[in-house]
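Spelled out from the first residue to the last, the chains are:
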Amino acid sequence: MWLPIPPDEIEGLPEGPDYRFWNGEADFPADPADCAFYVVPYMKPSPLCVRPLGRMNNVRVVQTLSAGIDHVEPGLAQLPSGVRLCNARGVHEASTGELTLALILASLRGIPDFVRAQDRGEWLGGFRPALADKNVLIVGYGSIGEAIEDRLVPFEVARVARVARSERTTARGPVHPLTELPALLPEADVVILSTPLTETTRGLAGADFLSRMKDGALLVNVARGPVVDTKALLAELETGRITAALDVTDPEPLAREHPLWRAPGVLISPHVGGPTSAFLPRAKRLLVDQLNRFVNREPLRNVILTTGASTV
């Protein structure tokens, strides 16, 4: 079992397996062919994460510590048939939900302007929009989308509309299919992207999407950078018609000279939705649960796909 967290720092791991620590170092901790359960290093580049996959002839489970799996998808074709790929549902909801609300509130209430004014020693007053009474649209209503709505409730928003790949009904109300997105966008004051990066969602927030947003609306991206068409977003930001708060960008990281840094009305955080003090305890709980399930031959949680199946 390859773990990116030292095994002696994880309480409750099942006895029996041979645990090896590997967090992306140049040397592998053992022969990859002997690995049965590979936990992908967290927040590491895709080429590093997939580097051992071509030699993992006997691996049965690949477990990410991220909600998204796009960084390991390039290596899946190298794996034998029957390998289960699991994501980290349940690990990042708290941190990402917090950051989403922080970005919304900071953008609406002008916190970046206050920080810059403080640096100048300037008392910058003025009238700012509140989150209260706003219509919010969440695009991507999985566990992170649900966690975001949990945190929106105390802020007295007027309405939350939900969009996901498939239509369904939740305790809080309907979840609309992606096909209804064009009709929902003009009604939203805040549009939150929390969808996985797939071929369907790549470039989802393009020129047509952005043009349908109402004047003065705020776009918040806590999904993946390529969900937004950067060129189209820059064109809208330059007009001043909409604003944006981005935890992820395309490209990422942004080069110092990239125009997105200086675009009007944009707040950028450097992909920090997940890495907080809330990550490690939740990641450890997930690994203990998954590894105990694996050893005891119980169904694993968060299985996204199985290699060799028709969904690959």
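Residues numbered from 1 in each chain as written. Predicted model: local features only at pLDDT ≥ 70, side-chain atom pairs only at ≥ 80, totals over all residues. Heavy atoms only, no water.

Q: How should the packing of helix H2 (residues 93-109) against helix H4 (residues 143-152) be read in this particular structure?
A: Angle between the axes and distance between the axes are the two parameters that describe a pair of packed helices. The interhelical angle for the contact between H2 and H4, taken along N-to-C directions, is 50°, at an axis separation of 8 Å. Here H2 is positioned oblique relative to H4, judged by the angle of their axes. Considering how the two elements wind past one another, H2 and H4 form a crossing that is right-handed. For the pair H2 and H4, contact is made by Glu 93, Ala 94, Thr 96, Gly 97, Glu 98, Thr 100 and Leu 101 and by Ser 143, Ile 144, Ala 147, Ile 148, Arg 151 and Leu 152, respectively. For the contact of H2 with H4, the residue count by class is six nonpolar, four polar and three charged. (Axes fitted to C-alpha atoms, helices over the stretch in contact; angles between N-to-C directions. Helix = DSSP H or I, 4+ residues; strand = E, 2+ residues; numbered from the N terminus. Parallel < 35°, antiparallel > 145°, perpendicular 65-115°, else oblique. Left-handed = near helix turned anticlockwise from the far one by under 90°. Contact = heavy atoms within 4.5 Å. Nonpolar A, V, L, I, M, F, W, Y, C, P; charged D, E, K, R; others polar.)

Q: Any chance you could explain the layout of surface pockets here in plain terms?
A: Gaps left between atoms show up when a probe the size of a water molecule is rolled over them. The computed volume of the second largest pocket comes to approximately 430 Å³. The set of elements that each furnish at least two residues to the lining of the second largest pocket consists of H2, helix H3 (111-120), strand S12 (243-246) and strand S13 (266-268). Split into classes, the residues belonging to the lining of the second largest pocket amount to twelve nonpolar, five polar and four charged. (1 Å grid on protein atoms, 1.4 Å probe; cavity = no way out; pocket = protein on both sides within 12 Å on 5 of 7 lines; lining within 4 Å. Points joined across faces, edges and corners; volume = space filled by probe spheres on them.)

Q: How should the nonpolar core be read in this particular structure?
A: In this structure, Leu 137, Phe 209, Leu 219 and Leu 233 are the most contacted members of the largest nonpolar core, which totals 32 residues. Of all the secondary-structure elements, those providing two or more residues to this core are strand S6 (135-139), strand S7 (159-164), helix H5 (181-184), strand S10 (190-193), helix H6 (207-212), helix H7 (230-239) and S12. Sorting elements by how many residues they give to this core places H7 first, with four residues. Apart from the residues lying within four places of it in its own chain, the contact partners of Phe 209 are Leu 181, Leu 185, Val 191, Leu 193, Leu 204 and Leu 219. Counting residues in each nonpolar core, the second largest holds 24 residues, with Val 175, Ile 192, Val 220 and Ala 245 among its members. (Core = buried A, V, L, I, M, F, W, Y, C linked by side-chain atoms within 4.5 Å. Buried < 20%, exposed > 50% of the residue type's maximum accessible area, 1.4 Å probe, protein only.)

Q: Sorry, what's going on with the UniProt feature "domain: D-isomer specific 2-hydroxyacid dehydrogenase catalytic" (unreviewed entry) in the chain here?
A: With numbering aligned to this structure, UniProt lists the feature "domain: D-isomer specific 2-hydroxyacid dehydrogenase catalytic" (unreviewed entry) at residues 53-304. The distance from the first to the last C-alpha atom of residues 53-304 is 17 Å, and the span holds 29% helix and 17% strand. (UniProt positions renumbered as here; feature names shortened; annotations may be inferred.)

Q: Please clarify how the sheet that holds S13 should be interpreted in this entry.
A: Paired through their backbone hydrogen bonds, the strands of a sheet run either parallel or antiparallel. The strand order across the open sheet built from eight strands is S8-S9-S7-S6-S10-S11-S12-S13, with neighbouring strands paired in mixed fashion. Taken across any chain shown, the strands that pair with only one partner, and hence form the sheet edges, are strand S8 (168-170) and S13. Pairwise comparison of adjacent strand axes, ignoring direction, gives a mean angle of 20° for this sheet. Contacting S6, S7, S8 and S10, H4 crosses the sheet at an angle of about 165° to S6. (Pairing = 2+ DSSP bridges.)

Q: Which parts of the structure should I look at to understand the UniProt feature "domain: D-isomer specific 2-hydroxyacid dehydrogenase NAD-binding" (unreviewed entry) in the chain?
A: Mapped onto the present numbering, the UniProt feature "domain: D-isomer specific 2-hydroxyacid dehydrogenase NAD-binding" (unreviewed entry) falls at residues 101-273. For residues 101-273, helix accounts for 28% and strand for 20%, while the C-alpha atoms at its two ends are 11 Å apart.

Q: Can you walk me through the state of the cysteines in this structure?
A: Formally, a disulfide is one covalent bond, and it connects the sulfur atom of one cysteine to the sulfur atom of another. With the rule as written, the count across this model stands at zero disulfides. Not engaged in a disulfide, the cysteine Cys 35 finds its nearest cysteine sulfur in Cys 86; these two sulfurs lie 13 Å apart. (Disulfide = S-S within 2.5 Å.)

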